Amino acid sequence: TAYEIRPRDWSSDVCSSDLSNNKFKIWPVPASNSITLSSGTKRILKSEIIDLTGNIVLTSNNQSSINVTNLKSGIYYIRIFTLKNVETQKIEIVK
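Residues numbered from 1 in each chain as written. Predicted model: local features only at pLDDT ≥ 70, side-chain atom pairs only at ≥ 80, totals over all residues. Heavy atoms only, no water.

Sorry, what's going on with the pairing of strand β4 (residues 44-50) here?
In regular strands, side chains alternate between the two faces of the sheet. A large share of β4 lies buried, amounting to 5 of its 7 residues. With 6 bridges joining them, β4 and strand β7 (residues 74-82) adopt antiparallel strand pairing. Opposite Ile 50, over in β7, you have Tyr 77 as the bridge partner. Bridge count for β4 against strand β5 (residues 56-61) is 5 bridges, and the pairing is antiparallel. Its bridge partner lying in β5, Ile 50 is registered against Ile 56. (Buried < 20%, exposed > 50% of the residue type's maximum accessible area, 1.4 Å probe, protein only. Helix = DSSP H or I, 4+ residues; strand = E, 2+ residues; numbered from the N terminus. Pairing = 2+ DSSP bridges.)

Given below as structure tokens:
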């Protein structure tokens, strides 16, 4: 199996990855008040924000925008559930 490693473009404030030929995007990164999710044509069923200890600190159902004002500054992971996929991305919250 071959893997392609590409350098991260830190000039962009959008994280994206490929979800079955559709672009999956999270913005802004870093975030302070809310995070917007886009999954191309895939419907977002649920999203979870997880802290670095593995605890789910926020759950959202069927929403493309998540209010993160109650989260402390730091690094988190966001797990996005669609009908056929689960995608996890690292995000940063800055207050």
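Alright, that's what it looks like, and here's the rest.
Can you walk me through the sheet that holds β7 in this structure?
To summarise the sheet geometry, strands pair through backbone hydrogen bonds and adopt either a parallel or an antiparallel arrangement. Read across the open sheet, the 4 strands follow the order β5-β4-β7-β8; overall the sheet is antiparallel. Each edge of the open sheet is held by one strand with a lone partner, namely β5 and β8 (86-93). Averaged over all neighbouring strand pairs, the angle between strand axes comes to 20°, with direction disregarded. Two strands pair when backbone bridges link them, and β7 and β8 are joined in this way by 8 bridges, in the antiparallel orientation. (Axes fitted to C-alpha atoms, helices over the stretch in contact; angles between N-to-C directions.)

What is the right way to read the pattern of salt bridges from this model?
As a working rule, side chains carrying opposite charge can pair if their charged atoms are close by. All told, the structure shown has 2 salt bridges when counted by the stated rule. Where Lys 46 meets Glu 48, a salt bridge forms, and the shortest distance between an N and an O atom there is 3.2 Å. When its relative accessible area of 28% is taken as the criterion, Lys 46 is described as partly exposed. Salt-bridge contacts for Arg 79 lead to Glu 48; the nearest nitrogen and oxygen are separated by 3.0 Å. One end of the pair, Arg 79, is in strand β7; the other, Glu 48, is in strand β4, with 31 residues separating them in the sequence. Using a relative accessible area of 28% as the deciding quantity, one classes Arg 79 as partly exposed. Classification of Glu 48 as buried rests on a relative accessible area of 6%. (Salt bridge = Lys/Arg side-chain N within 4 Å of Asp/Glu carboxyl O.)

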